[in-house]
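Each chain, written out:
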Amino acid sequence: MIEPGDPVKDISITEQTKIEEIFSQMANSGGFEARNLAEGLEILAAMIQDKDCLKFLSFVGAIVSTGNRGIIKDMIKREWFDVVLTTCGALDHDIARHFSHYKQGSFTMDDAQLADQNIHRLGNVLVPMESYGPLIEEKVQHILEDAYKEGRKEMSTAQITAEIGKRLGDDSFLYWAQKNNIPVIVPGIMDGAVGSQVWMFAQNHPDFKLNMIEDANFLSGLIFKAKKSGALMLGGGISKHHTLWWNQYRDGLDYAVYLTTAQEFDGSLSGALVREAISWGKVTQSAKQTTIHAEITTMLPFLYRALLAKIT
């Protein structure tokens, strides 16, 4: 016998309504993603304030090309998370935007004309060539050379991202991660500009090694000691999967919030709902979990603001 829930209540908003009150009303509105978003807020607030919980933040690199880089940076600055898993693109954009500027564009621009003007298009964000490839090459080569001269001839991705963070400023999420001793691990680091520069550096320094095993050793050390674990996963791909993969070794996440536009009909990892991970032992059966079907840059600012109101 299925027991229906509470009555659906209309949302009422006035000029004095606070954002946390809006989320509270969304929880009782009956539909559709509004309830998932409100549940996600409650789960994240509980996770962040749980002192026994090892907290993961995973995100796709593309959002660092947008203004949401500031929210990623602020969450890390506030030490809401203990470890970050991301893609190489996040490193690329963090470096590029610290030393230069991206420009606003549109999805409908003429890409052939942009190519003639040495401008890359990332959705509706424009990336001037001089702000990306050559700049990242120069900065990363200097960073690796300095580390090499200090005797660092073997480095994990967490060590590389920390070295980069030391040389950026307070607008950078990598800067705050190394300042707060929060490791940033990039399991697919070779798939991007920074990774290519690591490879180029190794061509000229044959005794330099990228040690991915050390990243695995570090993650295993965290996971096997964790009393509980939780994650905010922004977008899918390798950063989401790596978060889930490692948490299966402790019987799964106890808190899990996933924000995505991907659909599950094609069987992809990016489209898989959090609940599917329960069947793999990557999320516990009793976990507080939800999947929010929404575009990250649209929803994250409101979720972050509501979290600020809830977390003391």
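Here the structure is shown first, and the text comes after it.
Residues numbered from 1 in each chain as written. Predicted model: local features only at pLDDT ≥ 70, side-chain atom pairs only at ≥ 80, totals over all residues. Heavy atoms only, no water.

So, on to the side chain of D215. Looking at the element boundaries, D215 is found in helix 10 (residues 212–223). Within the buried core, D215 has no salt-bridge partner, and the shortest N-O distance to an opposite charge, that of R152, equals 10 Å. Excluding anything up to four places from it in sequence, D215 contacts S156, T157, A158 and I185. (Helix = DSSP H or I, 4+ residues; strand = E, 2+ residues; numbered from the N terminus. Buried < 20%, exposed > 50% of the residue type's maximum accessible area, 1.4 Å probe, protein only. Lys, Arg positive; Asp, Glu negative; His and termini not counted. Salt bridge = Lys/Arg side-chain N within 4 Å of Asp/Glu carboxyl O. Contact = heavy atoms within 4.5 Å.)

Here we take up helix 4 (residues 88–99). Compared with an ideal rise of 1.5 Å per residue, which puts 12 residues at 16 Å, helix 4 spans 17 Å between its outermost C-alpha atoms and is within 8% of the ideal. Here helix 4 lies mainly inside the structure; nine of its 12 residues are buried. Within the sequence span of helix 4, burial applies to C88, G89, A90, L91, D92, H93, D94, I95 and A96. (Expected span 1.5 Å × (residues − 1).)

What follows concerns the nonpolar core. Counting 71 residues, the largest nonpolar core has F59 and L234 as the members making the most contacts within it. Setting aside anything within four residues of it in sequence, one finds L234 in contact with L57, S58, F59, V60, I63, I72, L259, I296 and L300. Listed in part, the 20 residues of the second largest apolar core include F56, A158, V274 and A287. (Core = buried A, V, L, I, M, F, W, Y, C linked by side-chain atoms within 4.5 Å.)

On the surface, M190, W199 and M200 cluster together to form a nonpolar patch covering roughly 310 Å² of accessible area. Along the polypeptide, M200 turns up in helix 9 (residues 193–204). (Patch = residues over 30% accessible without salt bridge, like charges linked within 9 Å, V, L, I, M, F, W, Y side chains within 5 Å. Areas by Shrake-Rupley, 256 points an atom, 1.4 Å probe, with all protein chains shown as cover.)

All right, on to the pattern of salt bridges then. In the structure shown here, the tally under the stated rule is 14 salt bridges. With its nearest N and O atoms 3.9 Å apart, the salt bridge here joins D52 to K227. Of this pair, D52 sits in the loop between helix 2 (33–48) and strand 1 (53–59) while K227 sits in the loop between helix 10 and strand 9 (228–234); the two residues are 175 residues apart in sequence, bridging distant segments of the chain. Using a relative accessible area of 39% as the deciding quantity, one classes D52 as partly exposed. Within this structure, D146, R152, E163, K166 and R167 form a network of salt bridges that share partners.

This brings us to the sheet that holds strand 7 (residues 184–185). A sheet is described by the order of its strands in space; here six strands give the open sequence 7-2-1-9-10-11, paired in parallel fashion. Both outer strands of the open sheet, strand 7 and strand 11 (283–293), are each paired with one neighbouring strand and no more. In this structure, strand 2 (residues 83–86) lies alongside strand 7, joined through two bridges in parallel fashion. When the sheet's bridge partners are listed, L85 is paired in strand 7 with I185. (Pairing = 2+ DSSP bridges.)

So, on to the environment of I71. By secondary structure assignment, the location of I71 is in helix 3 (residues 69–77). Look at I71 and you get buried, because its relative accessible area is 11%. Linking I71 and R305, residues 234 residues apart in sequence, is a C-alpha distance of 9.6 Å. Setting aside anything within four residues of it in sequence, one finds I71 in contact with L300, P301 and Y304.

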